Structure formats: structure tokens, C-alpha cells
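Each chain, letter by letter, is given below.
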Amino acid sequence: QVQLVDSGGGLVQAGGSLRLSCVASRSIFSFNGMGWYRQAPGNQRESVAHITTGGSTNYEDSVKGRFTISRDITKNTVYLQMNSLKPEDTAVYYCHAERGRNDYWGQGTQVTVSS
């Protein structure tokens with residue numbers, strides 16, 4: 001069974017930074033892609049950032065230029081560096097991985113940005 005453990009959330013003031021981490025129980029190269037989603041109260045879960053096995057990245061428009069997804073293959077870990085945080089970034093952030101028809105999710109980590 002694949003497990004993803006995400007962490008790194010917390011309370012930060014607007015303009016601050018956080019780095020989220022997602023540790024997978026297997027090589028990240030075993031997945032077709034990995035990424036981060038977020039869900040704020042009353043909202044649908046939305047994709048924030050994605051990285052393919054080949055290293056191509058995609059970002060939701062509102063976070064472009066502020067967030068960076070990266071990986072450390074030796075640690076089976078994907079990161080989300082979040083800079084210039086805004087109150088509207090407040091949400092539970094979930095690590096996600098896909099392989100074939102299977103989807104895997106982290107437990108979620110709360111990010112709260114105060115104004």
C-alpha cells in the first residue's frame with residue numbers, strides 16, 4: 001500500500017513563507033506524477049502544483065511566481081515552497097500521487113495565512 005505523509009503547514013503572516021514536504025513510501029519515479037492540492041472551507045479541492053516524472057511542472061494561475069514544486073529523489077520527497085503568502089492561500093494542503101488508475105493522498109496539512 002502506498003503512503004504519502006505531508007507536513008510543514010502552520011500559521012504565517014501575509015508575505016511570509018512556508019515549505020511543505022511530502023514523503024512517499026516508494027520512489028517518486030514510480031508515479032506518473034505528483035502534486036499538491038488545497039481545499040479551503042466551502043470550496044472544492046483544487047490543484048495547486050504538479051510535477052511529472054520527467055520534471056515538468058504546472059501551477060495554478062494564482063500561485064505562479066510565488067510557489068515552487070520540487071523533488072529530492074534520494075529522499076522520496078516532493079516539496080512545495082510557498083513564498084509571498086496571501087490570506088487567500090489559507091487551506092488544507094494535500095500531497096497527491098498518481099499511478100495508472102490509482103490515486104494516493106496525504107493526510108493534509110493546514111496552512112493559515114493571517115492578514
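Above this note sits the structure.
Nothing here was measured: the structure is a model prediction, and the numbers come from that model.

### What to know about the pairing of strand E3 (residues 18-24)
With 5 of 7 residues buried, E3 lies mostly within the body of the structure. The pairing of strand E1 (residues 4-7) with E3 spans 4 bridges and is classified as antiparallel. Bridging across to E3, Asp-6 finds its partner in Cys-22. Alignment of E3 against strand E8 (residues 77-82), held across 6 bridges, turns out to be antiparallel. Counted as the bridge partner of Leu-18 is Met-82 from E8.

### Considerations on the nonpolar core
If you look at the biggest cluster of nonpolar residues, it comprises 29 residues, and the most contacted ones within it are Leu-4, Met-34, Trp-36, Phe-67, Leu-80, Met-82 and Tyr-93. Every residue in contact with Tyr-93, bar those within four places of it in the chain, is listed here: Asp-6, Leu-20, Trp-36, Tyr-37, Arg-38, Val-48, Phe-67, Leu-80, Met-82, Gly-108, Thr-109 and Val-111.

### Some words on empty space enclosed by the protein
Regions of empty space are outlined by a rolling probe, equal in size to a water molecule, passed over the atoms. Tallying each qualifying case throughout the model produces 1 cavity of 30 Å³ or more. Ile-28, Phe-31, Gly-33, Met-34, Ile-51, Thr-52, Thr-53, Arg-71 and Val-78 together form the lining of the largest cavity. The set of elements that each furnish at least two residues to the lining of the largest cavity consists of strand E4 (33-39) and strand E5 (46-52). A per-class count over the lining of the largest cavity returns 5 nonpolar, 3 polar and 1 charged.

What counts and what doesn't
Residues numbered from 1 in each chain as written. Predicted model: local features only at pLDDT ≥ 70, side-chain atom pairs only at ≥ 80, totals over all residues. Heavy atoms only, no water. Buried < 20%, exposed > 50% of the residue type's maximum accessible area, 1.4 Å probe, protein only. Helix = DSSP H or I, 4+ residues; strand = E, 2+ residues; numbered from the N terminus. Pairing = 2+ DSSP bridges. Core = buried A, V, L, I, M, F, W, Y, C linked by side-chain atoms within 4.5 Å. Contact = heavy atoms within 4.5 Å. 1 Å grid on protein atoms, 1.4 Å probe; cavity = no way out; pocket = protein on both sides within 12 Å on 5 of 7 lines; lining within 4 Å. Points joined across faces, edges and corners; volume = space filled by probe spheres on them. Nonpolar A, V, L, I, M, F, W, Y, C, P; charged D, E, K, R; others polar.

Note that every value here comes from positions in space, so none of it alone points to a role or purpose.
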